[in-house]
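Letter by letter, the chains look like this.
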Amino acid sequence: MDSRIPQPRHIVIIGGGVIGTTTAYYLTRHPSYLTSIHHITLLEATSIAAAASGKAGGLLGKWAYPTCLVPLSYRLHAELAAEHNGAERWGYRRLECGQLTASVGKKKPSGSAKTRKRSSVGIAKQEGGQDDSADGQTEWQKLPKQDEKASALLHESVLPADLDWIDASLVGEYAEMGLPGFTETAQVHPYKFTTSIATLAREGGAEIRVNSKVTRIGLNKSEAAVSSVEYVDRVTGETQTIEGVTDVVIAAGPWTGRLWPRSKVEGLRAHSVVFAADVSPYAVFTDISLPHDWVPAHRAARGEKRKHRGNVDPEIYARPEGEVYACGEPDSIIPLPETADQVECDESQCDDLISYIGTVSPVLGKAPVAAKQACYLPRHMRFGKESAPLIGGTSVSRLWIASGHTCWGIQNGPATGKLMSELIFDGEAKSADIAELDPRKFKV
């Protein structure tokens, strides 16, 4: 058969988050895509952006990781926004991003962030939930976004004049986020971005089925290639099978490991809150030192101690249209549920986050809280440690994995989607060298 002649393909994408939707989008935009012979079906167990893609911060940074994806994806975000009016449709904009140390109720800190040893990169797997000490308090666990090189840039500095929603009298150090030459930061509203990209993919020819929970990936008789996908229609309860499948892309976020255990992709729960407040466009990574006897009001009312000893590190991102997003620490207390609509939100963790932020931002301390929420970050685990995402083929022909992006799924979604379209239609990733992310390196 002449390999130059386009062949019929039925590509099934599992997962309606940012990775699945961007993959569908770029497949429909690939030069080889022909609606007459190529069928793309996206299956989502709940609704589009129901999990982390709808509850993430939406930060985009040239200082993110892995470096083999970031430059391409940051550029693609700008191109998507320019082509589809992203500023209006999903809140795309540039913003300033800084990191600071603050001390509440005592003298400003000096060099505290340089001497703290808690790394935020590659959080180790926590067995059996939080590691509580005898006094019931724990150390705050950072989300894996910053590294020690970035923290080392902190220096005694005055806050930018327009960062007026942080109490400057408490701040000891401030620095722009990222390393020299890699400080550029932008943002999108993750839910609006993901749902908009899904709409564009559908307009391009992709079929999207929601409330469709995949239960089985069928292989051929030799188990060497994919052949079918089985799913449950959660509305009718009926089991459906898609036959004649040529390609399957597992982009199911933290549920990827449930569908393909060899991927070793699992979930780590993280809580966040959304304030109704109109503030200047900054993303702020904090390191807050609190008095040892300070207790949040909601815990004091119940006669409880503060949950965390030492410093706490909330992240706060101003958004357009009068929103401010903030996220707290991850935890492994509650296992990953069957579907995104069953995720449990621990309101006390959200209340802790609100209280901590209120100590350094009187503006946010008084602002209405529009949402308290939780989601599970998809992370690729090897030998108990977090590894880079998986993007590419597996030991089974035409079975692809695109998952394990942790905190940077929104940032790296466009690059992942574009590269997946190249792998499927061209047989190789052309836009970036992602050999280090090849699932086959891990025998997936």
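Residues numbered from 1 in each chain as written. Predicted model: local features only at pLDDT ≥ 70, side-chain atom pairs only at ≥ 80, totals over all residues. Heavy atoms only, no water.

Any two aromatic rings considered together are summarised by their centre-to-centre distance and by the angle between their planes. With the rule as written, the count across this model stands at eight aromatic pairs. Plain terms: the ring middles of Trp90 and Phe193 are 5.3 Å apart, the flat faces sit at 85 degrees to each other, and that makes the pair edge-to-face. Of this pair, Trp90 sits in the loop between helix H4 (86-89) and strand S4 (93-94) while Phe193 sits in helix H7 (residues 190-203), placing them 103 residues apart in sequence. You'll find Trp90 and Phe193 in the same group, each marked buried. Every member of this aromatic cluster is reached through a ring pair, and the members are Trp63, Tyr65, Phe285, Tyr317, Tyr325 and Trp408. (Phe/Tyr/Trp six-rings, centres within 6.5 Å; stacked < 30°, edge-to-face > 60°. Helix = DSSP H or I, 4+ residues; strand = E, 2+ residues; numbered from the N terminus. Buried < 20%, exposed > 50% of the residue type's maximum accessible area, 1.4 Å probe, protein only.)

Our focus in this paragraph is the sheet that holds S4. Read across the sheet, three strands follow the order S3-S8-S4 without closing on themselves; strand pairing throughout is antiparallel. Two strands lie at the open edges of the sheet, namely strand S3 (59-61) and S4, each paired on one side alone. Taken strand by strand, helix H3 (residues 70-84) contacts S3, S4 and strand S8 (185-187), and its axis lies near 125 degrees from that of S3. (Pairing = 2+ DSSP bridges. Contact = heavy atoms within 4.5 Å. Axes fitted to C-alpha atoms, helices over the stretch in contact; angles between N-to-C directions.)

Turning next to the pattern of salt bridges. The final tally for this structure, using the stated rule, is 20 salt bridges. Among the salt bridges present, the one from Arg94 reaches Glu184, with a minimum N-O distance of 3.4 Å. Of this pair, Arg94 sits in strand S4 while Glu184 is found in the loop between strand S7 (171-176) and S8, placing the two residues 90 residues apart along the sequence. With a relative accessible area of 25%, Glu184 lands in the partly exposed category. Linking Asp438 and Arg440 is a salt bridge whose minimum nitrogen-to-oxygen distance equals 3.2 Å. Here the salt bridges do not stand alone but share partners, grouping Arg299, Arg302, Glu304 and Asp352 into one network. (Salt bridge = Lys/Arg side-chain N within 4 Å of Asp/Glu carboxyl O.)

Before going further, it helps to spend a moment on the nonpolar core. In terms of nonpolar packing, the biggest core is built from 48 residues, with Ile11, Ile13, Leu69, Trp90, Val249, Met420 and Ile434 touching the most fellow members. Considering each element in turn, this core owes the most residues, seven residues, to helix H12 (residues 409-426). Contacts of Ile13, omitting those with residues within four sequence positions, involve Gly20, Thr23, Ala24, Leu27, Ile40, Thr41, Leu42, Leu43 and Val249. (Core = buried A, V, L, I, M, F, W, Y, C linked by side-chain atoms within 4.5 Å.)

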